[in-house]
Amino acid sequence: QLQLVESGGGLVQSGGSLRLSCTGSGDELDFYAVAWFRQAPGKEREGVAAIGHGGNIKKYSDSAKGRFDISRDGAKNTVDLRMDNLEPGDTAVYYCAAATLLRAETWSSPWRSWGQGTQVTVSS
């Protein structure tokens, strides 16, 4: 029974950086593809970044590519999202989820074991 907990959110100035962590318990995250999503008020949830089982496959949304980096730390059983050059448009609640299969259409993968989310607020 995999459970996920997000952490690392906070308030940051435009242009700053944050590192979010998705910590797994009950199972090893290496067994799963893991993705970060975000949802801003009044907007639908959108995928931000995803990493395959082995970590060699990484997917990013257009807005995240070049600014965000997703990585695994097997020793800590985490999947981290390093976010650089943050913009006010990045303000949202960020969630992580896991899937046993990473499909070609990344965000339609069978994501489950959602965490409770961590708030990221970027001031201008």
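Whatever comes next refers back to the structure up there.
Conventions we followed
- Residues numbered from 1 in each chain as written.
- Predicted model: local features only at pLDDT ≥ 70, side-chain atom pairs only at ≥ 80, totals over all residues.
- Heavy atoms only, no water.
- Pairing = 2+ DSSP bridges.
- Helix = DSSP H or I, 4+ residues; strand = E, 2+ residues; numbered from the N terminus.
- Axes fitted to C-alpha atoms, helices over the stretch in contact; angles between N-to-C directions.
- Salt bridge = Lys/Arg side-chain N within 4 Å of Asp/Glu carboxyl O.
- Buried < 20%, exposed > 50% of the residue type's maximum accessible area, 1.4 Å probe, protein only.

**Q** Got a sec to walk through the sheet that holds strand S6 (residues 58-60)? Specific residues and values, please.
**A** Taking strand neighbours across the sheet as the criterion, the 6 strands line up as S2-S10-S9-S4-S5-S6 in an open arrangement whose pairing is mixed. Edge positions in the open sheet fall to strand S2 (10-13) and S6, since each of these has one partner strand only. Along the sheet, successive strands turn relative to each other by an average axial angle of 25 degrees, direction set aside. Relative to strand S9 (residues 92-99), strand S4 (residues 33-39) runs antiparallel, the two being bridged by 7 bridges.

**Q** Provide a residue-level description of the pattern of salt bridges, including the pertinent values.
**A** Evaluation of the coordinates by the stated rule reveals 7 salt bridges. For Arg72, the salt bridge is made with Asp30, and the minimal N-O distance between the two is 3.9 Å. Taken together, the positions of Arg72 in strand S7 (residues 68-73) and Asp30 in the loop between strand S3 (18-25) and S4 put the pair 42 residues apart, joining distant regions of the chain. A relative accessible area of 39% places Asp30 in the partly exposed class. Two residues, Asp73 and Lys76, come together in a salt bridge whose shortest N-O distance is 3.8 Å. The exposure class assigned to Lys76 is partly exposed, which follows from its relative accessible area of 45%. Here the salt bridges share partners, and the residues they tie into one network are Arg38, Glu46, Arg67 and Asp90.

**Q** If you had to explain the pairing of strand S8 (residues 78-83) to someone new, which residues and values would you point to?
**A** By the criterion of burial, S8 is predominantly enclosed, with 5 of the 6 residues buried. Of the pairings in the sheet, the one linking S3 to S8 comprises 6 bridges and is antiparallel in character. Paired with Thr23 across the strands is Thr78, a residue of S8. Judged from the 6 bridges that link them, S7 and S8 form a sheet pairing that is antiparallel. Paired with Ser71 across the bridge in S8 is Asp80. Here S7 folds back onto S8, and the loop between the two strands holds 4 residues, one of which, Asn77, carries a positive phi near 55 degrees.

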